[in-house]
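Each chain, written out:
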Amino acid sequence: MNASVFFLALRRMRAPLIVLIVIYAVSTLGLTLIPGIDAEGRPAPPMSFFHAFYFVSYTASTIGFGELPGAFSEAQRMWVTVVIFLSVIGWSYSIISLLSLVQDKGFQQVLLTARFVRQVRQLGEPFYILCGCGETGLLIARALDRDGLRVVGIERNEARIQELELEDFAADVLLLCADAAQPQQLLMAGLQHRSCRGVLAVTDDDAANLAVAIASRLINPRLMVVARVASPAVERNMMSFGTHYVVNHFERFADYLAQAIQSPNWYRLVDLLTGLPGQEVPERHDPPAGDWVVCGYGRFGQAVVRNLERHGVNLTVISPEAQLPIAVEHVVGHGTEAEPLRQAGIATAVGIVAASDNDTNNLSIAMTAKEVNPKLFVVLRQNRVANEVLFDAYDANFTMVPSRIVARECLALITSPLLSHFLQRVRNWPDARAAVVARQLEELCGNRVPLVWGVRLNAAEAPAVHKLLMMEQGAMALGMLRRDPAAHQDFLPLLPLLLVRAGIDHELPAAAMPLEPGDHLLFAGTRAARFAQNLTLDNRNVLDYVLTGHDAPGWLWRLLSRPAQRRQRAPR
């Protein structure tokens, strides 16, 4: 890349350099042909090539050194005058060309790309490649930065890159203005870098995300690939070649809505575990059971109808199409007028989903429906981030924002891969059990969204605990990982959610459960609790204090106390 920058500069400056070379050559040649005079004013031979080039060098560059081999003749002075004007014109042309090159957008992009590649090559800590730096990418980048993970971003829109550069990140986010669908751009972003941990394809273009997923799987199969998708056909295509995780925000929200109708406490627990850590606990959503109306039968509307029907919810669809491909009660219209809503039974319905791809129409549908039935539970689809002010002003019961759904799912997969497995098991819980766990998490975290993390009891992630468990008489209960390493009698604000041992799941394991090497644990709690627990996992002295309640003496104290111990043991 550095070589290409050099040769590009030479190609752009070719004409000015040729002009300067010609001016210098002609000027030097003229001085070697024109006779001079000596100190007594008698004719003298012309200047040598060395003296002529030396004189032209400091004269043409406007230095004006002043050293002369001898007095000039009238003819030499006339030629030097020509040389001065020619050199000024040549250097002016070169400087203007150089300034034009520096201001050229293409050349600036080449320089930025070269610097980007150099910075990526020098990365030593783990990082993720983020393809798409819109609202979704920004949410992901902020969360990863808080967790101490580096981000390398690829974005086509230069304005979005400039916005991201103004963000206050703990570590610099390396950004490249390019099309992530091109494999060469992924390679420059570090797709084959030893520290790369995964690729997140979260652009708003399904085709681009598909191209990123294919390239990542082919070039570096060991990486985790998470892709955003809206089309079911593209989703099936991604899954066919082994994309690790595919996030369809339409299907995911529709599934959550249907599950929330059947089990609101289950959704409350999922909402807490998959939220953005540290933010205020989101408002509780309890969509009622009964008859629902869905306005719009696009991709989102189809996902909602499919999931609600699967859970036995009675619904009516309002769509401008005269015929629908499924057997469902159907009213022709847009839903922005009161008459189609009344025909769909809005007066007796318990909820409405405004699912069109137009934000203005969705707000109009919700406001018209509320006038007919003020008790409706309103679910709104928000398509554009710029309309967030309008949706906040309306304050719907439930708003589907694709960027937030995708960001939450991606972060859950990155920071705690065991979480998705746990959430699958939570689906089978009674609603009362989910309510108890959700209430415990809210009390532990002080009405903040908890941080969810996983721990493997091995030499890499928990060296102190693993070493203890590998000893013959080493034993430790799970509850010890909840002890505060700063105050033995206190417990950290965290909750063990799952313990996986030899392929067997133990949900909400008890504090007395003994730990074994290789156990995979899932916790939820505050960020401070995680940092405190890491001390116990990593440091043997801290672990001894947690187990015994007594501080172990340091090496310096042991060294100083040895003479006293020897004196006590010596015979008297």
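Structure: above.
Residues numbered from 1 in each chain as written. Predicted model: local features only at pLDDT ≥ 70, side-chain atom pairs only at ≥ 80, totals over all residues. Heavy atoms only, no water.

Participant: Lay out the packing of helix H3 (residues 49-60) against helix H4 (residues 74-103) in plain terms, naming residues and giving numbers.
Facilitator: Between two packed helices, the angle of one axis relative to the other and the distance separating the axes together describe the packing. Taken N-terminus to C-terminus, the directions of H3 and H4 make an angle of 50 degrees; their axes are 9 Å apart at the nearest point. Relative to H4, H3 is oriented oblique. The handedness of the crossing between H3 and H4 comes out as right-handed. Side by side, H3 and H4 meet where Phe55, Thr59 and Ala60 of the first sit next to Val80, Ile84, Ser87 and Trp91 of the second. Of the residues in the contact of H3 with H4, the class split is five nonpolar, two polar and no charged. (Axes fitted to C-alpha atoms, helices over the stretch in contact; angles between N-to-C directions. Helix = DSSP H or I, 4+ residues; strand = E, 2+ residues; numbered from the N terminus. Parallel < 35°, antiparallel > 145°, perpendicular 65-115°, else oblique. Left-handed = near helix turned anticlockwise from the far one by under 90°. Contact = heavy atoms within 4.5 Å. Nonpolar A, V, L, I, M, F, W, Y, C, P; charged D, E, K, R; others polar.)

Participant: Please provide a residue-by-residue account of the sheet that holds strand E4 (residues 150-155), values included.
Facilitator: Read across the sheet, six strands follow the order E5-E4-E3-E6-E7-E8 without closing on themselves; strand pairing throughout is parallel. Either end of the sheet is taken by a strand with one partner, and the two such strands are strand E5 (174-177) and strand E8 (245-248). Mean inter-strand twist for the sheet, computed between neighbouring axes without regard to direction, equals 15 degrees. With four bridges connecting them, strand E6 (residues 196-201) and strand E7 (residues 224-229) associate as parallel partners. Opposite Gly198, over in E7, you have Met224 as the bridge partner. Across the sheet, helix H17 (residues 402-415) lies against strand E3 (127-131), E6, E7 and E8, angled at about 165 degrees from E7, the strand it touches most. (Pairing = 2+ DSSP bridges.)

Participant: Describe the packing of aromatic side chains, listing the residues and the values that go with them.
Facilitator: This model, assessed by the stated rule, comprises 13 aromatic pairs. Look at Phe55 and Tyr58: their rings are 5.5 Å apart centre to centre, the planes differ by 75 degrees, and that puts the pair in the edge-to-face class. Here the residue Phe55 and the residue Tyr58 both occupy positions in helix H3, the gap between them amounting to three residues, near one helical turn. Looking at Tyr58, the relative accessible area reads 8%, which means it is buried. (Phe/Tyr/Trp six-rings, centres within 6.5 Å; stacked < 30°, edge-to-face > 60°. Buried < 20%, exposed > 50% of the residue type's maximum accessible area, 1.4 Å probe, protein only.)

Participant: Before we move on, could you go through the pairing of E7 and cite the residues and values that matter?
Facilitator: The buried count for E7 comes to six of six residues, which makes it a mostly enclosed element. Residues Met224, Val226 and Arg228 line one face of E7 and the alternating positions Val225, Ala227 and Val229 line the opposite face, and both faces are buried. With respect to chirality, the unit in which E6 leads through helix H9 (residues 206-219) into the neighbouring parallel E7 is right-handed. What joins E7 to E8 is helix H10 (residues 232-240), and the crossover it makes is right-handed. (Right-handed = clockwise from strand over helix to strand, strands pointing away.)

Participant: If you had to explain the sheet that holds strand E18 (residues 494-501) to someone new, which residues and values would you point to?
Facilitator: Ordered by their spatial adjacency, four strands build an open sheet running E15-E20-E18-E19, and the pairing between neighbours is antiparallel. Edge positions in the sheet fall to strand E15 (451-456) and strand E19 (504-507), since each has one partner strand and no second. Sheet twist, expressed as the mean angle between neighbouring strand axes with direction ignored, is 20 degrees. Of the pairings in the sheet, the one linking E15 to strand E20 (residues 520-525) comprises six bridges and is antiparallel in character. When the bridges of E20 are listed, Leu451 appears paired with Gly525.

Participant: Describe the pattern of salt bridges, naming the residues involved and giving the relevant values.
Facilitator: Going through the model one piece at a time under the given rule, you end up with 20 salt bridges. In this structure, the salt-bridge partner of Arg299 is Asp206, at a minimum N-O distance of 4.0 Å. Linking Arg299 in helix H13 (residues 299-310) with Asp206 in helix H9, this pair joins segments that are 93 residues apart in sequence. The partly exposed category is assigned to Arg299, whose relative accessible area is 44%. In this structure, Asp544 engages Arg540 in a salt bridge whose closest nitrogen and oxygen atoms are separated by 3.1 Å. Note that Asp544 and Arg540 are positioned in helix H22 (residues 540-548) at a spacing of four residues, about one turn of the helix. We classify Arg540 as partly exposed; its relative accessible area is 29%. Within the structure, one salt-bridge network assembled from shared partners comprises Arg425, Arg433, Asp505 and Glu507. (Salt bridge = Lys/Arg side-chain N within 4 Å of Asp/Glu carboxyl O.)

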